[in-house]
Amino acid sequence: MRSAVRVMLFYVLLLLIWEGIFRLRLWPAFLFPSPLQVFRTLAAGLCDTTYLIGIGVSMQRILLGFGISLALGIVVGFCIGSFKILDGTIGPLLNGLRSLPSICWFPLGLLWFGLNENAINFVVIMGAAFCITLATDDGVKNIPPLYLRAASTMGARGLKRFWYVIIPAALPSIITGMKLGWSFAWRSLMAGEMLYVSLGLGHLLMMGRELNDISQMFAVMLVIMVLGLIVDKVVFGLMEREMRVRWGLNAL
Amino acid sequence: MNLDRIMKLRLAGVSKTFLGRKNRVPALEDISLEVQKGEFVCLIGPSGCGKSTLLNIIAGLTQPDRGSVLMDGHPIREPGPDRVVMFQDHALFPWLTVLGNVEFGMKMKGVPKEKRRALAQEFLRMVHLTAFQHAYTHELSGGMKQRVALARALSINPDILLMDEPFCALDAQSREILQAELQEIWSLTRKTIVFVTHNVREAVYLGNRVVVMSARPGRIKKDIAIDLPRPRRLGSLEMIKVTNMVMQELRGEIETVLKEELHDA
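Residues numbered from 1 in each chain as written. Chains lettered and ligands numbered in written order. Predicted model: local features only at pLDDT ≥ 70, side-chain atom pairs only at ≥ 80, totals over all residues. Heavy atoms only, no water.

Looking now at the overall build of chain A. A count of helical and extended segments in chain A gives 10 helices and zero strands. Helices (α) and strands (β) of chain A occur, in sequence order from the N terminus, as α-α-α-α-α-α-α-α-α-α. Counting only C-alpha atoms and orienting by the principal axes, one finds that chain A spans roughly 75 × 55 × 30 Å. Taken over 252 residues, chain A has a buried fraction of 42%. Within chain A, contacts between residues at least 6 apart in sequence are counted, and of these 70% link residues at least 24 apart. Total accessible area on chain A stands at roughly 14,100 Å², and carbon and sulfur atoms take up 73% of it. (Helix = DSSP H or I, 4+ residues; strand = E, 2+ residues; numbered from the N terminus. Buried < 20%, exposed > 50% of the residue type's maximum accessible area, 1.4 Å probe, protein only. Contact = heavy atoms within 4.5 Å. Areas by Shrake-Rupley, 256 points an atom, 1.4 Å probe, with all protein chains shown as cover.)

Structure below.
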């Protein structure tokens, strides 16, 4: 309880400092808004649904892109983790591709798909799929051999072995990969949405710039940040916590 | 027909050599062993005598270089639920509850859900862990984990239960309790058990037969029948006598191994 109060106090203080700097008029108001201005813009944007539409559009895109990345990453990751030949050939290639910042895929995406939805999806997938693939691969490779031996003496083979042993045993690593993949996908999406009239949050941010509306930019950035945090902490955070409690990893 | 004399397992001329980085390590040489149905056979020997390798070969986890391994007259080629192994490390799955772990083998066999739950609970009762059925494995002590592993192995109802030093990582008290429980369970179920250990007292206490192995390469040195009545008690006079006798057999082997190790070093 006391820590909650401390946190609250910290943010109140932060807002006061922000307001204080604003009042000092170090920069003109169109470059540095007051917290109240930002809050008003945020409330207005949420009320007249432009932000809600933006959130909806962006979420839809990321669900699609992240979903495809997840499916691709897990399937390919399991294949690499299971077959030595793939590990030696595709593995290093994927590792190299992962180190490429996802924005670097934009020129290619624009040429291949044009300035549209598909280019954005392409970049989101390129941003997220590699790290999910490699995390899954890592998870499969690091399964203690004893688990596999025990499973095989109990008659687990083929699909059953895959479904009931390999997947759950690799799950902690997969969840870590998903979390990382999500944050990469989110960043790539925001970058992609700035490119054209995409209606998403990235577009709203860019619109703030075009209209010279500094408080809109601050408000949209706040929305992007909060959304990213919520998914990271709530969705993946809960998954991770549940897994850690089950496996007893917190005790270590 | 006399049930006591049905041949369950027959190993003939089994040899295995491991290829090290520089040298070849002969693990087993010309092992021949027969196990009858319902027998409790303890394999004992100094470390490095290949007793665990032998167990892995029976399990189908390791393939021998030469020789035949037959169960009920059929060659063993791969691991299977008719020969469940209980490992030194419990090898329980951390993503499953105690109950889920015990049900696992039955699930692989395709036993319907209600039936396997009921059976799993019965076996958990047998190892006195009913109260912990919904716990995850990290919440259990070492002895409790091995009890779950035992319940898991028994629930699959294997033809042969293979045990690879299952109690050796436990503290002395848990070990004695589990040994007593295993003796009781064997007396009830008359399961065929091959039990690897380096503890002479344990071998004499549990086995109908104690097979003494020599090291490098692993050979069978002596096959001793233990005819003591059950339930046996650790520390009874007869037990001590037999234990000393087996110890004598083993002492020479242990000394040889020690000398070699000192020499190597």
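When its secondary structure is counted, chain B shows seven helices and 10 strands. Taking 2.2 N^0.38 as the reference for a compact globule, 265 residues should give roughly 18 Å; the C-alpha atoms of chain B span a radius of gyration of 19 Å, in line with that estimate. Looking at chain B residue by residue over its 265 residues, the buried ones come to 52%. When contacts within chain B are restricted to residue pairs at least 6 apart in sequence, long-range pairs at least 24 apart make up 70% of them. In the structure as shown, chain B presents an accessible area of about 12,600 Å², 50% of it carried by carbon and sulfur atoms. Side-chain charges of chain B comprise 37 positive and 31 negative groups, with the mean position of each set lying 2 Å from the other. (Rg over C-alpha atoms; globule rule 2.2 N^0.38 Å. Lys, Arg positive; Asp, Glu negative; His and termini not counted. Charge placed at Lys NZ, Arg CZ, Asp CG, Glu CD.)

All right, on to the sheet that holds strand β4 (residues 66-71) of chain B then. All names here are of chain B. Strand order in the open sheet made by the four strands is β2-β1-β4-β5, with antiparallel pairing throughout. Strands with a single pairing partner mark the edges of an open sheet, and in this sheet they are β2 (24-36) and β5 (74-75). Relative to β5, β4 runs antiparallel, the two being bridged by two bridges. Across the sheet, residue L70 finds its bridge partner in β5, namely P75. Across the sheet, helix α1 (residues 51-59) is in contact with β1 (7-19), β2 and β4; its angle to β1 comes to roughly 120°. (Pairing = 2+ DSSP bridges. Axes fitted to C-alpha atoms, helices over the stretch in contact; angles between N-to-C directions.)

Here we take up the packing of aromatic side chains. How two aromatic rings sit relative to each other is given by the distance of their centres and the angle of their planes. Under the criterion given, the structure shown has 22 aromatic pairs over all chains. Here the aromatic residues W105, W112, F113, F122 and F130 of chain A are joined through ring pairs into a cluster of three or more. One residue, R25 of chain A, lies across the ring of F22 of chain A, its end atom 4.8 Å from the ring centre. Here the basic side chain of R152 of chain B rests over the ring of F93 of chain B, its NZ or CZ set 5.3 Å away from the ring centre. (Phe/Tyr/Trp six-rings, centres within 6.5 Å; stacked < 30°, edge-to-face > 60°. Lys NZ or Arg CZ within 6 Å of the ring centre and 35° of its normal.)

This brings us to the interface of chain B and chain A. Taken together, the 25 residues of chain B in the interface contact 20 residues of chain A. Taking both sides of the interface into account, the surface hidden between chain B and chain A amounts to around 2,200 Å²; carbon and sulfur atoms contribute 67%. Among the residues of chain B in contact with chain A, P94, W95 and M108 of chain B are the three that bury the most area, contributing 32% of the side total. Taken together, chain B and chain A are joined by one salt bridge. (Buried area = accessible area lost by both parts, 1.4 Å probe. Salt bridge = Lys/Arg side-chain N within 4 Å of Asp/Glu carboxyl O.)

Considering the arrangement of structural elements, one finds S15 of chain B in strand β1. If we ignore the near neighbours within four places in the chain, the residues touching S15 of chain B are L28, E29, D30, P64, D65 and R66 of chain B.

Moving on, we come to the packing of helix α3 (residues 50-82) of chain A against helix α8 (residues 158-193) of chain A. Residues and elements named next belong to chain A. The geometry of α3 relative to α8 is characterised by a closest axis approach of 9 Å and an angle of 140° between their N-to-C directions. The angle between α3 and α8 places the two elements in the oblique class. In the crossing of α3 with α8, the sense of the turn from one axis to the other is right-handed. Considered class by class, the residues forming the contact of α3 with α8 number 17 nonpolar, two polar and two charged. (Parallel < 35°, antiparallel > 145°, perpendicular 65-115°, else oblique. Left-handed = near helix turned anticlockwise from the far one by under 90°. Nonpolar A, V, L, I, M, F, W, Y, C, P; charged D, E, K, R; others polar.)

Once that is clear, we can look at a nonpolar patch on the surface. Together, L222, M225, V226, L229, I230, V234, V235, L238 and M239 of chain A line one region of the surface with nonpolar side chains, adding up to about 750 Å² of accessible area. Secondary-structure assignment places V235 of chain A in helix α10 (residues 214-247). (Patch = residues over 30% accessible without salt bridge, like charges linked within 9 Å, V, L, I, M, F, W, Y side chains within 5 Å.)

Here we take up the pattern of salt bridges. Per the counting criterion, the structure on display carries 24 salt bridges over all chains. Of the charged contacts in the structure, one is a salt bridge between R61 of chain A and E117 of chain A, with a shortest N-O distance of 2.6 Å. With R61 of chain A in helix α3 and E117 of chain A in helix α6 (residues 117-141), this residue pair connects regions lying 56 residues apart in the sequence. Exposure remark for R61 of chain A: the relative accessible area of 6% places this residue in the buried category. Looking at E117 of chain A, the relative accessible area reads 33%, which means it is partly exposed. For the salt bridge of K16 of chain B with D65 of chain B, the shortest nitrogen-to-oxygen distance reads 3.8 Å.

Let us now look at the confidence of the model for chain B. Residues and elements named next belong to chain B. Taken over all residues, the pLDDT of chain B has a mean of 89, while the share at 70 or more is 98%. Mean pLDDT per element in chain B: helix α7 (residues 237-264) is the minimum at 81, and strand β7 (residues 160-164) is the maximum at 95. Taken together, the chains of this predicted complex give a pTM of 0.82 and an interface ipTM of 0.86. (pLDDT = per-residue confidence, 0-100.)

Attention now goes to the sheet that holds strand β8 (residues 192-197) of chain B. All names here are of chain B. As summarised here, the arrangement of the six strands in space is β6-β7-β8-β3-β9-β10, forming an open sheet in which the pairing is mixed. Both edges of this open sheet fall to β6 (83-86) and β10 (219-225), since each of them pairs with a single strand only. The mean angle between the axes of side-by-side strands here comes to 20°, regardless of whether they run parallel or antiparallel. Pairing of β7 with β8 involves five bridges; the strand directions are parallel. Its bridge partner lying in β8, L162 is registered against V194. Its contacts with the sheet put α1 on β3 (40-44), β6, β7, β8 and β9 (209-214), and the angle it makes with β7 is roughly 150°.

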